[in-house]
Amino acid sequence: VIGMADGLTVPFALAAGISGAVDSIQIIVTAGLAEIAAGSIAMGLGGYLAARTSEEHYDNERKRELYEIDNLNDREKQETTEIFKSYGMTDTQIESIVATISQDKQKWADFMMRYELGLEKPDVTRAPKSAFTIGVSYIIGGLIPLAPYMLITNNIHLALATSSIATLTALTIFGAIKGKLMGTPPLKAAIQTVLVGGLAATVAYSIAAYISK
């Protein structure tokens, strides 16, 4: 979602902006390809680092929980008791459960990670998968607004119009699919996605056209 959304919007805005400042389609294509290459690497790396940060945060918090179990055992038992109290359990029930769970340090730490801190163990393969998925999605999204400039090499205005139609259509479809997957009304999500992409391109084109005068 992140890769495709930015891939459709940023290169589209860039191509539209340059179209308002130059008459050379070759320059637009070159700049667009360079942006897609740089953007996909940056977005992919950002996804990788975000996933790695999540893994490191989980590992650090789990080490802290293990330390507290070893060195602050009574306090940790009290925190565990409070968790079960929030579920409406009686003191007798809680005492038995806490006594059982505290016998296994590793499982106790896992329990506290999930129910005290609300952290799930990250998938160790997530970082490279995230980097690849975001990077490739960005490239695919970025080629949609740039393709008309590659195919229509003799008319920059026609290329811009075709790129606008293709991109806005893709944004509409993508927004609807994104909305359905995320549980929001597809029409609402499609309109929001189109408005963001259209606004970015309009502003970029207007600024470039004004500066080039």
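Our subject in this report is the structure included herewith. (Residues numbered from 1 in each chain as written. Predicted model: local features only at pLDDT ≥ 70, side-chain atom pairs only at ≥ 80, totals over all residues. Heavy atoms only, no water.)

The next point concerns the pattern of salt bridges. As a working rule, side chains carrying opposite charge can pair if their charged atoms are close by. Here the structure, examined in full by the defined rule, presents 10 salt bridges. For the salt bridge of Glu 56 with Arg 52, the shortest nitrogen-to-oxygen distance reads 3.7 Å. Taken together, the residues Glu 56 and Arg 52, both in helix α2 (residues 25–71) and 4 residues apart, mark about one turn of the helix. For Glu 56, a relative accessible area of 41% translates into the label partly exposed. A salt bridge links Arg 64 to Glu 61, with the nearest nitrogen and oxygen atoms 2.7 Å apart. Residue Arg 64 and its partner Glu 61 are located together in helix α2, separated by 3 residues, close to a single helical turn. (Salt bridge = Lys/Arg side-chain N within 4 Å of Asp/Glu carboxyl O. Helix = DSSP H or I, 4+ residues; strand = E, 2+ residues; numbered from the N terminus. Buried < 20%, exposed > 50% of the residue type's maximum accessible area, 1.4 Å probe, protein only.)

Counting residues in each nonpolar core, the largest one holds 15 residues, and the members touching the most others are Ile 25, Ile 28, Tyr 149 and Ala 159. Listing elements by their share of this core, those giving two or more residues are α1 (2–19), α2, α6 (126–151) and α7 (156–182). Not counting the four nearest positions on each side in its chain, Tyr 149 is found in contact with Ala 15, Ala 16, Ser 19, Ile 25, Ile 28, Val 29, Ile 156, Ala 159, Leu 160 and Ser 163. (Core = buried A, V, L, I, M, F, W, Y, C linked by side-chain atoms within 4.5 Å. Contact = heavy atoms within 4.5 Å.)

Moving on: the packing of α1 against α2. Look at α1 against α2: their axes get within 10 Å of each other, and the N-to-C directions meet at 155°. Here α1 is positioned roughly antiparallel relative to α2, judged by the angle of their axes. Between α1 and α2 lies a crossing of right-handed hand. Packed against α1, whose contacting residues are Ile 2, Gly 3, Asp 6, Val 10, Pro 11, Leu 14, Ala 15, Ile 18 and Ser 19, the element α2 presents Ile 27, Ile 28, Ala 31, Gly 32, Glu 35, Ile 36 and Met 43 at the interface. A breakdown of the residues in the contact of α1 with α2 according to their chemical character gives 11 nonpolar, 3 polar and 2 charged. (Axes fitted to C-alpha atoms, helices over the stretch in contact; angles between N-to-C directions. Parallel < 35°, antiparallel > 145°, perpendicular 65-115°, else oblique. Left-handed = near helix turned anticlockwise from the far one by under 90°. Nonpolar A, V, L, I, M, F, W, Y, C, P; charged D, E, K, R; others polar.)

With that settled, the discussion passes to the environment of Val 196. Following the sequence through the fold, Val 196 ends up in helix α8 (residues 186–212). The class for Val 196 is exposed, based on a relative accessible area of 53%. Residues Val 196 and Thr 9 lie 187 residues apart in sequence; the distance between their C-alpha atoms is 7.9 Å.

Time to look at the packing of aromatic side chains. Per the counting criterion, the structure on display carries 2 aromatic pairs. Between Phe 84 and Phe 111 the ring centres are 5.3 Å apart and the planes differ by 15°, which places this aromatic pair in the stacked class. Of this pair, Phe 84 sits in helix α3 (residues 73–85) while Phe 111 is found in helix α5 (residues 105–115), placing the two residues 27 residues apart along the sequence. Accessibility expressed as a relative area gives 10% for Phe 84, which makes it buried. Relative to Tyr 115, the ring of Phe 111 lies with its centre 4.8 Å away and its plane at 35°, an arrangement referred to as tilted. Here the residue Phe 111 and the residue Tyr 115 both occupy positions in helix α5, the gap between them amounting to 4 residues, near one helical turn. By way of ring pairs, the aromatic residues Phe 84, Phe 111 and Tyr 115 are connected into one cluster. (Phe/Tyr/Trp six-rings, centres within 6.5 Å; stacked < 30°, edge-to-face > 60°.)

Along the chain, the position of Ser 102 falls in the loop between α4 (91–101) and α5. Along the sequence, Ser 102 and Asn 71 sit 31 residues apart, while their C-alpha atoms lie 13 Å from each other. Among residues more than four places away in sequence, those in contact with Ser 102 are Lys 77 and Trp 108. A distance of 2.8 Å separates a polar side-chain atom of Ser 102 from the backbone oxygen of Val 98. From its side chain, Ser 102 meets the backbone oxygen of Ala 99 in a polar contact 3.2 Å long. (Polar contact = N/O pair within 3.5 Å; in protein donor to acceptor, adjacent residues only side chain to side chain.)

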